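# Structural overview
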Amino acid sequence: MKIAMIGTGYVGLVTGACLAKIGHRVTCVDQDSSKVRALRRGNIPIYEPGLETVVEQAVAKKKLTFTTDLAKAVKANDIVFIAVGTPQASDGRSDLRDVEAAAKQIAKAANKSKIVVVKSTVPAGTCKRVGRILGKHGGEHTFDVVSNPEFLREGDAVNDFLDPDRIVIGTATERAANAMRKLYAPFEPQDVPLVLTSLETSELIKYSANAFLATKVAFINEMANLCDATGADIEALSRGIGLDNRIGRAFLKPGPGYGGSCFPKDTLALTVQAQEADCPVRIVESVVDSNSFHIRRLGRRITDFCAASWGETSNVPLVGKRIAILGLAFKANTDDVRSAASTVIAPLLSKQGAEIVGYDPAADKAITELIPTLERAKSIEEAIKGADAAIVLTEWAEIGAIDWPTMHDLMRQPVVVDLRNLYNTVKMAQNGFYYLSLGRPHIA
Ligand code: NAD
């Protein structure tokens with residue numbers, strides 16, 4: 001089938017490239033001409049394992065092209081995806097301006113009837129609104145709007161797209177449902193469940209899924225704090241509850257709170273929509289609160305732990321101290337720093353007078369755009385050299401594999417705060433480190 005993909009970011013590029021891989025002909029459109037130029041040269045603007053090969057192969061087979069010319073792409077294709085950003089607006093809502101602008105552009109460019117698939121994460125009711133915009137600006141042409149939310153995880157996006165747990169499709173017409181069945185027919189041999197439903201249900205499935213996962217994260221972080229307070233062990237606790245099939249083992253690892261470009265904005269947008277509909281989602285509201293409380297509390301714990309380890313009694317213990325932050329991306333295997341723990345912790349410690357140096361194997365460019373003043377190191381060793389403490393924020397394999405005994409003498413003071421529970425508590429203590437992790441019995 002012939003597809004135009006409006007928006008070539010994390011979702012649009014992965015979706016476009018993978019749809020091309022399974023046999024469709026895809027034109028990826030982006031208004032950012034530097035992105036399109038880079039892609040045409042074969043440079044992938046984001047860090048996403050495996051994506052470069054999929055793009056390269058699809059381009060070589062002439063199944064995938066890149067353009068800034070939206071009108072031409074719309075005219076040449078029958079199915080048009082909208083995969084533009086829906087960031088958080090200042091009032092917590094989902095900012096739908098890019099979706100609406102794209103819908104208007106599609107309508108104006110259309111030369112015949114089209115199927116318009118909303119891939120962006122949008123609140124329930126948005127697809128109907130997109131339909132109205134298309135109708136208003138599309139002249140005599142008709143449009144079938146489809147909701148097809150995306151569940152890929154950054155860092156594992158290609159695998160997630162090619163081997164999905166399910167495909168969710170919301171439609172209001174049989175014609176659109178049939179077109180979507182045909183589009184995803186290559187997944188039939190894999191027995192991927194297809195959830196075919198209404199537009200609003202499909203839109204809400206995406207928010208519910210993210211809110212549920214965020215709830216698991218917030219829950220296990222609270223349990224980890226309680227483990228610290230009671231001497232219990234979060235790892236045994238996670239295993240003990242996760243082995244219950246009704247609970248499941250995934251998403252039960254404590255950390256610095258959920259971040260990234262989806263959970264924070266989607267949970268908040270859901271609470272706002274629910275309040276406006278006069279049926280507040282109290283659990284999700286608490287999750288949003290719990291997550292922001294957690295990261296702020298961790299900020300205080302880092303300061304207190306470092307001060308105690310250094311034997312520093314001043315009420316401004318971080319002044320003049322050098323602190324290395326290991327991992328700046330919101331999770332491993334991505335360069336995405338949107339709402340990452342580093343973007344909260346680094347300014348927080350820096351405000352208390354610490355000199356911060358950050359290291360990340362992939363997020364250098366992204367963090368520079370967000371926090372231009374942050375000093376960055378080119379390697380773990382460079383970051384750690386002369387540091388009074390190291391704070392582990394991202395679970396990159398390279399960071400998990402740090403050979404701490406060899407780092408001991410590089411540091412000014414051997415203090416490690418590990419917010420991903422990557423290292424063995426006993427070994428860290430035996431190797432002479434003051435070591436803090438989450439919810440695991442502390443060994444001094
Ligand atoms: P992104 O910011 O990486 O990419 C959006 C792209 O759309 C940008 O390159 C921008 O230039 C382009 N764009 C905006 N308006 C345009 C227009 N009118 N014409 C052409 N290009 C236009 O965003 P993303 O992370 O890919 O997210 C896209 C959507 O998918 C969001 O709604 C997000 O919530 C959702 N989503 C994201 C993820 C994720 O992991 N990133 C996962 C699932 C769902």
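Residues numbered from 1 in each chain as written. Predicted model: local features only at pLDDT ≥ 70, side-chain atom pairs only at ≥ 80, totals over all residues.

### Some remarks on the overall build of the protein
This is how the line gets drawn: Helix and strand definitions follow DSSP, with helices as H or I runs of at least four residues and strands as E runs of at least two, each counted in order from the N terminus. Note that the radius of gyration is over C-alpha atoms, with the globule rule given as 2.2 Å times the number of residues to the power 0.38. Exposure is read from a count of other C-beta atoms within 10 Å of each residue's own; the residue is exposed at 12 or fewer, buried at 20 or more and partly exposed in between. C-beta atoms are placed from the backbone. Two residues qualify as being in contact provided that their C-beta atoms, derived from the backbone, are within 7 Å of each other.
Along its length, the protein carries 18 helices and 14 strands. Expected size for 444 residues packed as a compact globule is a radius of gyration near 22 Å; at 24 Å, the protein falls within 12% of this value. By its C-alpha atoms, the protein is 75 × 50 × 40 Å across when sized along the principal axes. Evaluated residue by residue, the protein yields a buried proportion of 47% over its 444 residues. For the protein, contacts bridging at least 24 residues in sequence account for 71% of all contacts bridging at least 6.

### Some thoughts on the domain arrangement of the protein
Short version of the rule: Domain start and stop positions are those given by an automatic or database domain assignment.
By domain assignment, the protein separates into domain 1 (2-197) and domain 2 (198-444). Using only C-alpha atoms to locate each centre, domain 1 and domain 2 end up separated by 32 Å. Taken together, the contact between domain 1 and domain 2 spans 29 residues of the former and 25 residues of the latter. Only α6 (126-137), β6 (143-147) and β7 (167-171) provide two or more residues apiece to the side of domain 1 that touches domain 2. Counting residues per element, the side of domain 1 that touches domain 2 draws most heavily on β7, at four residues.

### A closer look at the sheet that holds strand β12 (residues 389-392)
Pairing between sheet strands relies on hydrogen bonds along the backbone, with the strands arranged either parallel or antiparallel. We apply this condition: Note: two strands are recorded as paired if DSSP finds a minimum of 2 bridges between them. Think of each axis as a best-fit line through the C-alpha atoms, taken over the contacting stretch in the case of a helix, with angles from 0 to 180 degrees between the N-to-C directions.
Read across the sheet, six strands follow the order β11-β10-β9-β12-β13-β14 without closing on themselves; strand pairing throughout is parallel. Because the sheet does not close on itself, it has two edges, and the strands there are β11 (375-376) and β14 (434-436). Two strands pair when backbone bridges link them, and strand β9 (residues 322-326) and β12 are joined in this way by four bridges, in the parallel orientation. When the bridges of β12 are listed, Ala324 appears paired with Ala390. Docked against the sheet, helix α12 (residues 282-310) engages β12, β13 (415-418) and β14, running at close to 160 degrees with respect to β13.

### Overview of the site of the ligand
Worth spelling out the cut-off: Nearness is defined per residue: the C-beta atom, placed using the backbone, must lie within 6 Å of the molecule or strand. For this classification, Asp, Glu, Lys and Arg are treated as charged, while Ala, Val, Leu, Ile, Met, Phe, Trp, Tyr, Cys and Pro are nonpolar and the rest, including Gly, are polar.
Residues in close proximity to the ligand total 28 residues, the closest being Gly7, Gly9, Val11, Ser120 and Thr121. Those elements that provide at least two residues to the shell around the ligand are α1 (10-21) and α5 (97-109). Element by element, the count of residues in the shell around the ligand is highest for α5, at four residues. Counted by class, the shell around the ligand contains 11 nonpolar, 11 polar and six charged residues.

### Here's the deal with the nonpolar core
Stated precisely, the cut-off is as follows: Nonpolar cores are identified as sets of buried Ala, Val, Leu, Ile, Met, Phe, Trp, Tyr and Cys residues joined via C-beta atoms within 7 Å.
Ile323, Ala324, Ile325, Leu326, Ala390 and Ile391 are the most contacted members of the largest nonpolar core, which has 72 residues in total. It is helix α9 (residues 199-230) that provides the largest number of residues to this core, a total of nine residues. Dropping the residues within four chain positions of it, Leu326 is found in contact with Tyr359, Ile380, Ala383, Ala390, Ile391, Val392, Leu393 and Ile399. Core analysis: the next-biggest nonpolar cluster, separate from the first, contains 60 residues, Tyr10, Phe81, Ala102 and Val122 among them.

### Considerations on the packing of α5 against α6
This is how it is decided: Here a crossing is taken to be left-handed if its near helix is turned anticlockwise relative to the far helix by less than a right angle, and right-handed if that turn runs clockwise.
Running from amino to carboxyl end, α5 crosses α6 at an angle of 35 degrees, the nearest separation of the two axes being 8 Å. Of the two possible hands of crossing, α5 and α6 adopt the one that is right-handed. Taken together, the residues of α6 that come into contact with α5 (itself represented by Val99, Glu100, Ala103, Lys104, Ile106, Ala107 and Lys108) are Thr126, Val130, Ile133, Leu134 and His137. Counted by class, the contact of α5 with α6 contains seven nonpolar, two polar and three charged residues.

### Some details on the sheet that holds strand β3 (residues 64-67)
Strand order in the open sheet formed by eight strands is β3-β2-β1-β4-β5-β6-β7-β8, and the pairing between neighbours is mixed. Edge positions in the sheet fall to β3 and β8 (194-197), since each has one partner strand and no second. Averaged over neighbouring strand pairs, the angle between their axes works out to 25 degrees when direction is ignored. Lying over the sheet, α9 contacts β6, β7 and β8, oriented at roughly 145 degrees with respect to β7.

### Side note on the packing of helix α11 (residues 263-276) against α12
For any two helices packed against each other, the geometry comes down to the angle between their axes and how far apart the axes lie. Rule in force here: To sort the angles, those under 35 degrees are grouped as roughly parallel, those over 145 as roughly antiparallel, those from 65 to 115 as roughly perpendicular, and the leftovers as oblique.
Viewed as axis vectors pointing N to C, α11 and α12 meet at an angle of 140 degrees, and their least axial separation amounts to 9 Å. The pairing of α11 with α12 is recorded here as oblique in orientation. For α11 against α12, the interelement crossing comes out left-handed. For the pair formed by α11 and α12, the contact residues are Thr267, Leu268, Leu270 and Thr271 on the first element and Val284, Glu285, Val287 and Val288 on the second. Along the lines of polarity and charge, the residues of the contact of α11 with α12 split into five nonpolar, two polar and one charged.

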